[in-house]
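One-letter residues, chain by chain:
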Protein chains: 2
Amino acid sequence: MRRIAPDRDGLLAILAEVFREHGYEGASLALIGQATGLGKGSLYHFFPGGKEEMAAAVIAHIDHWFETNVFAPLQDVQEPRAGISRMLQATDHYFRSGRRVCLVGAFALDDARDLFAKEIKTYFSRWVAHLAEALKRTGRGEAQAADLAEETVAAIQGALTLARAFDDTAVFSRALQRERARLAIG
Amino acid sequence: MRRIAPDRDGLLAILAEVFREHGYEGASLALIGQATGLGKGSLYHFFPGGKEEMAAAVIAHIDHWFETNVFAPLQDVQEPRAGISRMLQATDHYFRSGRRVCLVGAFALDDARDLFAKEIKTYFSRWVAHLAEALKRTGRGEAQAADLAEETVAAIQGALTLARAFDDTAVFSRALQRERARLAIG
DNA sequence: ACATCATTGTACCGTTCGGTACAATTCCCA
DNA sequence: TGGGAATTGTACCGAACGGTACAATGATGT
């Protein structure tokens, strides 16, 4: 191949936004073409597998982003509390305080779940597992760490739903604040 | 009119299930016709407004169901704790311990939000408000009651997302158990 | 039995869907 | 400056979409 696709990251970011806004079914190729400025020719050139490949690429892209920006801080062995705090900060930033929806969470609820069940499952289970590990490092027992981790991730997802329903970012901020207190972070 | 529609409740229940499983966009008339056993003729006879009217009717139906089965117990003035407990029980039953998805929550995330923004908002705000009132009756202050109520509803929604992602009802049960403890119900 | 209205099946409408084919263009490197 | 690959626009495909029209059928009260 002569060169890398012109701006794959930017393209994937736009695709992600379309899928977030409209869901898997609702994200038509017309909508995607309009948002990206690319015709079908280009779209199918970059993603021969069509919409499904686009969605898969977007999920993989998000997965990678979370791995390096959200999960990585949780692996700070020296200062687990600071790591958890940075995770919450990155989460708040990524979801734009609730203005943005979690694409993986949205996919989990609609038809797309069947297509991407495995990816959805690993995305959430890694989030929970990494957080539980960090909590153990703060001195909590295995069971309590697992319980707290699951609760926190669920609280984030629920807060996204409610923030969206109320069209109010304060709902999301309050939820993060509560988790911060519950996890005994500053 | 000669008589009431043959079994409107049963019909709405089936419609609700289709919308829950496939989302608003994903619930095609073909799918709906197949699930209900009704042709387009009948469907458009009962819902002249088409898909949008069907979804609106389903939301209203759910709204009514929650009002009488989930919110009503919260208005028990004598025993607010027992009322909250019954609310959680009804919630667990309705969502089939997480096997079922919240249609309103799912609509809040995808395209349907724009069509039903008002209905979605009132559904959740009534849930939160009624729960907050009940919590005040247990002796909590205004602010704490509101905070706890919002947290609980968010936790339920998040647990539904996670239970669906993990395909594991235990996630939902654990979440309800946590809220039960947090709300100081037996 | 009849008139009446509720209910249904079927054929059809225009539009949009995801996807394909392919020629034209653009870009890069030798 | 040319050759070849990367990229793009356009036309097109069959299928499925939501929705409409309407005649046939079913039930009901008189």
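Attention in this report is confined to the structure presented alongside it. (Residues numbered from 1 in each chain as written. Chains lettered and ligands numbered in written order. Predicted model: local features only at pLDDT ≥ 70, side-chain atom pairs only at ≥ 80, totals over all residues. Heavy atoms only, no water.)

**Side note on the overall build of chain A**
Logical step 1: Helix and strand counts for chain A come out as ten helices and zero strands.
Logical step 2: Of the regular secondary structure in chain A, the N- to C-terminal order runs α-α-α-α-α-α-α-α-α-α.
Logical step 3: Here chain A has a C-alpha radius of gyration of 18 Å; the compact-globule value for 186 residues is 16 Å, and the two agree.
Logical step 4: Its C-alpha atoms give chain A principal-axis dimensions of about 55 × 40 × 25 Å.
Logical step 5: Within the span of chain A, comprising 186 residues, buried residues form 53% of the whole.
Logical step 6: Sequence-distant contacts in chain A: of pairs separated by 6 or more residues, those separated by 24 or more amount to 66%.
Logical step 7: Working note: accessible area of chain A is about 8300 Å², and carbon and sulfur atoms make up 51% of it. (Helix = DSSP H or I, 4+ residues; strand = E, 2+ residues; numbered from the N terminus. Rg over C-alpha atoms; globule rule 2.2 N^0.38 Å. Buried < 20%, exposed > 50% of the residue type's maximum accessible area, 1.4 Å probe, protein only. Contact = heavy atoms within 4.5 Å. Areas by Shrake-Rupley, 256 points an atom, 1.4 Å probe, with all protein chains shown as cover.)

**Thoughts on the protein's contact with DNA strand C**
Logical step 1: By nearness alone, 16 residues border DNA strand C, and Leu29(A), Lys40(A), Tyr44(A), Lys51(A) and His45(B) come closest of all.
Logical step 2: Put simply, 57% of the atoms of DNA strand C that lie within 4 Å of the protein are in sugar or phosphate.
Logical step 3: Leu29(A) has a polar backbone atom sitting 2.8 Å from a phosphate oxygen of DNA strand C.
Logical step 4: His45(B) is positioned with one of its side-chain polar atoms (N or O) 3.0 Å from a phosphate oxygen of DNA strand C. (Near = heavy atom within 4 Å. Polar contact = N/O pair within 3.5 Å; in protein donor to acceptor, adjacent residues only side chain to side chain.)

**Notes on the packing of aromatic side chains**
Logical step 1: Counted under the stated rule, the structure contains 34 aromatic pairs over all chains.
Logical step 2: Judged by centre distance (5.2 Å) and plane angle (70°), the rings of Phe66(A) and Tyr123(A) are edge-to-face. Remark: Tyr123(A) occurs in helix H8 (residues 117–137) and Phe66(A) occurs in helix H4 (residues 50–71); sequence separation between them is 57 residues. Taken individually, Phe66(A) and Tyr123(A) each receive the classification buried, so the pair is uniform in this respect.
Logical step 3: One aromatic cluster in this structure is built from Trp65(A), Phe66(A), Phe71(A), Tyr94(A), Phe95(A), Tyr123(A), Phe124(A), Trp127(A) and Phe172(A).
Logical step 4: Note that Lys51(A) overlies the ring of Tyr24(A), its terminal NZ or CZ placed 5.0 Å from the centroid.
Logical step 5: Over the ring of Tyr94(B) we find Arg100(B); its NZ or CZ atom is 4.8 Å from the centre of that ring. (Phe/Tyr/Trp six-rings, centres within 6.5 Å; stacked < 30°, edge-to-face > 60°. Lys NZ or Arg CZ within 6 Å of the ring centre and 35° of its normal.)

**Quick word on the relation of the copies chain A and chain B**
Logical step 1: The two copies are related by a screw operation: chain A maps onto chain B through 180° of rotation and 0.0 Å of translation along the axis, at an RMSD of 0.0 Å. Taken together, the turn and the small shift mark the pair as related by a two-fold rotation axis. The C-alpha atom lying nearest the rotation axis in chain A is that of Gly158(A); the distance is 1.8 Å. (Least-squares fit on C-alpha atoms with pLDDT ≥ 70 in both.)

**Let's talk about the side chain of Arg178(A)**
Logical step 1: Note on placement: Arg178(A) falls in helix H10 (residues 169–182).
Logical step 2: Beyond its immediate stretch of four places on either side in the chain, Arg178(A) contacts Asp147(B), Glu150(B) and Glu151(B).

**With respect to the environment of Glu142(B)**
All names here are of chain B.
Logical step 1: With respect to the secondary-structure elements, Glu142 resides in helix H9 (residues 142–166).
Logical step 2: Since its relative accessible area comes to 56%, Glu142 is described here as exposed.
Logical step 3: Along the chain, Glu142 and Ala132 lie ten residues apart, while their C-alpha atoms are 7.9 Å from each other.

**Re the interface of chain A and chain B**
Many authors give the size of an interface as the accessible area that is lost as the parts come together.
Logical step 1: At the interface, 37 residues of chain A touch 37 residues of chain B.
Logical step 2: Of the roughly 3300 Å² buried between chain A and chain B on both sides combined, carbon and sulfur atoms contribute 58%.
Logical step 3: Connecting chain A to chain B are eight salt bridges.
Logical step 4: Here Glu151(A) ties to Arg182(B) by a salt bridge, and the two come within 2.1 Å at their closest N and O atoms. (Buried area = accessible area lost by both parts, 1.4 Å probe. Salt bridge = Lys/Arg side-chain N within 4 Å of Asp/Glu carboxyl O.)

**Topic: the state of the cysteines**
Logical step 1: As enumerated under the stated definition, the model contains zero disulfides over all chains in all.
Logical step 2: Here Cys102(A) is not disulfide-linked; the sulfur of Cys102(B) is the nearest cysteine sulfur, at 17 Å.
Logical step 3: We classify Cys102(A) as buried; its relative accessible area is 4%. (Disulfide = S-S within 2.5 Å.)

**What about the pattern of salt bridges?**
Logical step 1: With the rule as written, the count across this model stands at 28 salt bridges over all chains.
Logical step 2: Note that Lys136(A) is salt-bridged to Glu142(A), the shortest N-O span being 3.1 Å.
Logical step 3: Since its relative accessible area comes to 27%, Lys136(A) is described here as partly exposed.
Logical step 4: The salt bridge involving Arg86(B) is made with Asp76(B); its shortest N-O contact spans 3.0 Å. Here Arg86(B) is found in helix H5 (residues 80–94), whereas its partner Asp76(B) is found in the loop between helix H4 (50–71) and H5, with ten residues between them in sequence.
Logical step 5: Relative accessible area serves as the criterion here: at 40%, Arg86(B) is assigned to the partly exposed category.

**Focus: unusual backbone geometry**
Logical step 1: Non-glycine residue Arg96(A) carries a positive phi angle of around 50°.
Logical step 2: By the element assignment, Arg96(A) lies in the loop between helix H5 (80–94) and helix H6 (103–109).
Logical step 3: At Asp167(B), a position not held by glycine, the phi torsion is positive, near 55°.

**Quick notes on H8(A)**
Logical step 1: Under the 1.5 Å per step criterion, the end-to-end length of H8(A) is 31 Å for 21 residues, consistent within 8% with the ideal 30 Å.
Logical step 2: Those residues of H8(A) that sit buried are Ile120(A), Tyr123(A), Phe124(A), Trp127(A), Val128(A), His130(A), Leu131(A), Ala132(A), Ala134(A) and Leu135(A).
Logical step 3: Buried residues in H8(A) make contact with H4, H5, H6, helix H7 (112–115) and helix H9 (142–166) of chain A together with H9 of chain B.
Logical step 4: Immediately beyond the C-terminal end of H8(A), within one or two residues, lies Gly139(A), with a positive phi of roughly 105°. (Expected span 1.5 Å × (residues − 1).)

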